[in-house]
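Analysis of the macromolecular model
Below are the chains, spelled out letter by letter.
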Amino acid sequence: RRIATLTSQQREPTHRSPTARYALPGGLMAIAKTIEPDQDHTHPVVELRVRATPDQLSVLRALAATVAIHEDFDLDSIADIKLAMDEICTQLIVRATPDALLVCRLQFLDRTLRVDVSSTTSSVDSLGERSFAWHVLNALTDSLDLKQEPDPSTAGFVTTMEFTKVKNGLGL
């Protein structure tokens, strides 16, 4: 049985709603949990954990598009966000260790969507400012960052790629 977890989190949750199960294409079950906003109006983080396999890319693109649509990004920005999510996830999937998870976090704050995607990779990688993928991502996003740290529980590295996209247009 394959399970993906979809959560909406905050720093200090005050209320948890019931858990719901949803059927996804391909026989996956998603467990959705939400946490209501705190009194200080912190912005929630949407987090999705899936297997680091190519068949998960459509789910990840859909998640990114849904958050961008919900935050009222223009159509060009939504397309850029979907393509950037796809490219980052693809880069991490091809470098992921067997049975690794892909952890995607999205947060909208101050007219900026921040997306970070992490996975365990087998080695320190050369994916950086000289690669074609980096140039594509740089064109699609407003900022881009790559971090790699040794993973003490495996022989691999925790690799995190992060991008931001600023909302354009007039906020009405």
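One structure accompanies this document, and this report is about it. Note that this is a predicted model, so its numbers are computed, not measured.

Okay, the packing of aromatic side chains next. Counting across every chain of the model gives 1 aromatic pair. Geometrically, the ring pair formed by Phe 73 and Phe 108 is edge-to-face, given 5.7 Å between the ring centres and 80° between the ring planes. A residue pair is termed long-range when its members are at least 10 positions apart, and Phe 73 in the loop between helix H1 (57-70) and helix H2 (75-95) and Phe 108 in strand E5 (residues 101-109) qualify at 35 residues. Each of the two residues, Phe 73 as well as Phe 108, counts as buried.

Applying the stated rule across the entire model yields 9 salt bridges. Its salt-bridge partner being Arg 51, residue Asp 55 comes within 3.0 Å of it at the nearest N-O pair. Arg 51 gets classed as partly exposed once you look at its relative accessible area, which sits at 26%. With a closest N to O distance of 3.9 Å, Asp 145 and Lys 147 form a salt bridge. One salt-bridge network, in which partners are shared between bridges, spans Glu 47, Arg 49, Arg 105, Arg 114, Asp 116 and Glu 162.

Before going further, it helps to examine H1. Taking 1.5 Å of rise per residue, 14 residues should cover 20 Å, and H1 covers 20 Å from first to last C-alpha, within 8% of that figure. Downstream of H1 by a residue or two, Asp 72 has a phi angle that is positive, lying close to 65°.

Let us look at the pairing of E5. One ladder, built from 7 bridges, connects strand E4 (residues 45-51) with E5; its direction is antiparallel. Note that in E5 the partner of Glu 47 across the bridge is Arg 105. Direction of pairing for E5 relative to strand E6 (residues 112-121): antiparallel, over a ladder of 7 bridges. Bridged to Val 103 within E6 is Ser 118. Connecting E5 to the next strand, E6, in antiparallel fashion are 2 residues, including Asp 110 with a positive phi near 55°.

Parameters at a glance
- Residues numbered from 1 in each chain as written.
- Predicted model: local features only at pLDDT ≥ 70, side-chain atom pairs only at ≥ 80, totals over all residues.
- Heavy atoms only, no water.
- Phe/Tyr/Trp six-rings, centres within 6.5 Å; stacked < 30°, edge-to-face > 60°.
- Helix = DSSP H or I, 4+ residues; strand = E, 2+ residues; numbered from the N terminus.
- Buried < 20%, exposed > 50% of the residue type's maximum accessible area, 1.4 Å probe, protein only.
- Salt bridge = Lys/Arg side-chain N within 4 Å of Asp/Glu carboxyl O.
- Expected span 1.5 Å × (residues − 1).
- Pairing = 2+ DSSP bridges.

Structural measurements only, silent on function.
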